[in-house]
Amino acid sequence: MKNKINFYDGFIQDDVIWFSSLNHNALMTLDIKSGKIDAVGRFPGCKNYQKNLHIRVIEEKRCLYFVPRNGNFVHVFNLENMTFEENILLPYSDDTCIANAVMDKLGRIWIIPAYIRDGIVVLDTNRKCAEKSGISEPLQISSNAFVGPNCVCYNSGIISICIFKSNVVFYIDTIEYEMSAEKIDEEYKPYSFISDNGITYIFSNYPDNRIIFWNKNDKTYIDISDKLDPNNEMYPYWNYIRKDNKFMCIPCDRDDLLVTDMLEKKEKHIPINEFVKKNSSNPMYSFYKEYKGCFYLFPSGADGLLIIDGNEWSIRTLDYVINDELQTQIQAECKDNFKNEMLSGIVSENVEYDETLGDFLDFVTQNSTNQDAGEKTDYGNKIYKNVKKYFSKN
């Protein structure tokens, strides 16, 4: 079994990344010089085997705010006294899916749910409380329209939100508490985008997967990449790093990093399949952080970090170093997590486990996943279909 150290986001300070472990309930640190990983503690109010706890970590006044991926409270860790503070309750149900969170210039954290209808929440870091903003969308959109994790950015008091695979962009004025909407040209439907100034944006387009440079003021669109076959990859590139006139495109369903130069109209592909395994169930790198001239890409399906030099665009890896005691504990909890998912009947065909087929079948035959005798499910047929689907992809 592998170490299974993955995370969506992290805060870097003094050469140490603070992060929430993706695969089980743990606040951990990673020394970016040595690769050494240490466990700090459990997030209060959660089970030990609970996974996918947090989508974002934001630092403000020496406190780390861990925004949930699905949930209704924010964990707070005080870096001064190295203790957890009281959880901050969010006005959501406990299964609300959260797309992203950003902090404005006043130190307030704006929490953007995957479905705008659930309401945008503002967390006051001074009063340590959160409440609905009361802002509603000015343009009627489908109740099924949602916001992806890379569809939110903040610049100069304005939060930009693109509705996943649609031509609608919302703007939230964080000072006036107002929302406006814009429809871009019909042929463009972003499924992820960024902006470093609130005027020019880079986004991946649906369904042709072109990467577009959009100037909001001039209403111009420039294709900065070769067309990619949408039949081969559903979402080839998921996030972007900009430096001057060059862009690095971070993959989702591909095994390379793409560097494109807008002025020279050149592209460079950097293979990363030797560093990571392809995993279509999650973006390989949902988020990244810039630190001391380098970009640190957080892994899903990797045994370490990818570190990119911001000047040369060269790439290197940082392997994890875990002591035997922590590694044993991690492995045991990964097995417990697998068991609990099996027993609650929520194992997905897209999730990869290191357990053998024998382990899987033992859980299926020895444990009842359905206690209600009135409900009958053809588990054999489900297993057959999922196995067939898996081998058709590989």
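Residues numbered from 1 in each chain as written. Predicted model: local features only at pLDDT ≥ 70, side-chain atom pairs only at ≥ 80, totals over all residues. Heavy atoms only, no water.

1. Some words on the overall build of the protein
Step number 1: Scanning the protein for helices and strands turns up three helices and 29 strands.
Step number 2: Here the protein holds 394 residues, and 50% of them are scored as buried.
Step number 3: Considering only contacts within the protein whose residues lie at least 6 apart along the sequence, 44% involve residues at least 24 apart.
Step number 4: On the protein, roughly 19000 Å² of surface is accessible, and the fraction owed to carbon and sulfur atoms is 47%. (Helix = DSSP H or I, 4+ residues; strand = E, 2+ residues; numbered from the N terminus. Buried < 20%, exposed > 50% of the residue type's maximum accessible area, 1.4 Å probe, protein only. Contact = heavy atoms within 4.5 Å. Areas by Shrake-Rupley, 256 points an atom, 1.4 Å probe, with all protein chains shown as cover.)

2. Re the state of the cysteines
Step number 1: By the definition in use, this model includes zero disulfides.
Step number 2: Free cysteine: Cys 153, not disulfide-bonded; nearest cysteine sulfur from Cys 162 at 8.0 Å.
Step number 3: For Cys 153, a relative accessible area of 8% corresponds to the buried category. (Disulfide = S-S within 2.5 Å.)

3. A short note on the pairing of strand β5 (residues 54-60)
Step number 1: Counting buried residues in β5 gives six out of seven residues, a clear majority hidden from the surface.
Step number 2: Relative to strand β6 (residues 63-68), β5 is paired through six bridges, and the arrangement is antiparallel. Of the residues in β6, the one forming a bridge with Val 57 is Phe 66.
Step number 3: What sits between β5 and β6 in their antiparallel hairpin is a turn of two residues, with Lys 61 showing a positive phi close to 50 degrees. (Pairing = 2+ DSSP bridges.)

4. Focus: the environment of Gly 71
Step number 1: Locating Gly 71 in the fold gives a position in the loop between β6 and β7 (73-78).
Step number 2: A relative accessible area of 7% places Gly 71 in the buried class.
Step number 3: Considered as a pair, Gly 71 and Asp 95 are 24 residues apart in the sequence and their alpha carbons are 5.2 Å apart.
Step number 4: The contact partners of Gly 71, leaving out residues within four places of it in the chain, are Tyr 92, Ser 93, Asp 94, Thr 96 and Ile 98.

5. As for the nonpolar core
Step number 1: Grouped together as the largest cluster of nonpolar side chains are 41 residues, with contacts concentrated most on Ile 17, Ile 111, Tyr 296 and Leu 305.
Step number 2: The element contributing the most residues to this core is β6, with three residues.
Step number 3: Counting 37 residues, the second-largest nonpolar core is a separate cluster that includes Ile 120, Cys 162, Tyr 188 and Phe 193. (Core = buried A, V, L, I, M, F, W, Y, C linked by side-chain atoms within 4.5 Å.)

6. Some points on the sheet that holds strand β25 (residues 266-271)
Step number 1: The strand order across the open sheet formed by four strands is β22-β23-β24-β25, and the pairing between neighbours is antiparallel. If you trace the sheet from one side to the other, it starts and ends with β22 (237-243) and β25, each paired once. Each strand of the sheet is rotated relative to its neighbour by a mean of 20 degrees, with strand direction disregarded.
Step number 2: One ladder, built from six bridges, connects β22 with strand β23 (residues 246-251); its direction is antiparallel. What sits directly across from Tyr 240, in β23, is Cys 249. (Axes fitted to C-alpha atoms, helices over the stretch in contact; angles between N-to-C directions.)

7. Side note on the environment of Asn 78
Step number 1: Topologically, Asn 78 is positioned in strand β7.
Step number 2: Judged by its relative accessible area of 11%, Asn 78 is buried.
Step number 3: Taking the C-alpha atoms as reference points, Asn 78 and Lys 61, 17 residues apart in sequence, are found 9.0 Å from one another.
Step number 4: Apart from the residues within four sequence positions on either side, Asn 78 is in contact with Arg 62, Cys 63, Thr 83 and Glu 85.
Step number 5: Looking at Asn 78, its side chain comes within polar contact range of the main-chain nitrogen of Glu 80, at 2.7 Å.
Step number 6: A distance of 3.2 Å separates the side chain of Asn 78 from the backbone nitrogen of Asn 81, its partner in a polar contact. (Polar contact = N/O pair within 3.5 Å; in protein donor to acceptor, adjacent residues only side chain to side chain.)

8. Description of the pattern of salt bridges
Step number 1: Enumeration according to the criterion identifies 15 salt bridges in this entry.
Step number 2: Because the salt bridges share partners, they merge into one network encompassing Glu 187, Asp 208, Arg 210 and Asp 223. (Salt bridge = Lys/Arg side-chain N within 4 Å of Asp/Glu carboxyl O.)

9. Examining the sheet that holds strand β26 (residues 288-291)
Step number 1: Spatial ordering of the open sheet is given by β26-β27-β28-β29, a layout of four strands whose pairing is antiparallel. A single partner strand is all that each edge strand has here, and the edge strands are β26 and β29 (315-319). Strand after strand, the sheet turns through a mean of 25 degrees between neighbouring axes, direction not considered.
Step number 2: Looking at chain direction, strand β27 (residues 294-297) and strand β28 (residues 304-309) are connected through four bridges and run antiparallel. Bridge pairing in β28 links Cys 294 to Asp 309.

10. A few points about the confidence of the model for the protein
Low-pLDDT stretches of the model should not have their predicted coordinates read in fine detail.
Step number 1: Residues of the protein with pLDDT of at least 70 account for 77%, and the chain-wide mean is 82.
Step number 2: Counting contacts from residues 279-283, a segment whose pLDDT is below 50, to residues more than four positions away or on other chains yields twelve contacts.
Step number 3: Between residues 368-375, whose pLDDT stays under 50, and residues either more than four places distant or in other chains, the model counts seven contacts. (pLDDT = per-residue confidence, 0-100.)

11. Examining unusual backbone geometry
Step number 1: Note that the residue after Tyr 206, namely Pro 207, is joined by a cis bond; omega there is 5 degrees.
Step number 2: Following the sequence through the fold, Pro 207 ends up in the loop between β19 (200-205) and β20 (211-215).
Step number 3: One non-glycine residue, Asp 14, adopts positive backbone phi at about 55 degrees.
Step number 4: Assignment of secondary structure puts Asp 14 in the loop between β1 (10-13) and β2 (16-20).
Step number 5: Phi is positive for Asp 244, close to 60 degrees, though the residue is something other than glycine.

12. Examining the packing of aromatic side chains
Step number 1: Under the criterion given, the structure shown has 23 aromatic pairs.
Step number 2: When the ring of Tyr 115 is compared with that of Phe 146, the centres are 6.1 Å apart and the planes differ by 50 degrees; the resulting orientation is tilted. Separated by 31 residues along the polypeptide, Tyr 115 in the loop between β11 (108-113) and β12 (121-124) and Phe 146 in the loop between β13 (129-132) and β14 (152-155) bring together distant segments of the chain.
Step number 3: What makes Phe 146 partly exposed here is its relative accessible area of 30%.
Step number 4: Members of the aromatic cluster, joined through ring pairs, are Tyr 115, Phe 146, Phe 164, Tyr 191, Tyr 235 and Trp 238.
Step number 5: Positioned above the aromatic ring of Tyr 206 is the side chain of Lys 165, whose terminal nitrogen or guanidinium carbon lies 4.5 Å from the ring centre.
Step number 6: Lying across the ring of Tyr 171, Lys 216 places its NZ or CZ 3.8 Å from the centre. (Phe/Tyr/Trp six-rings, centres within 6.5 Å; stacked < 30°, edge-to-face > 60°. Lys NZ or Arg CZ within 6 Å of the ring centre and 35° of its normal.)

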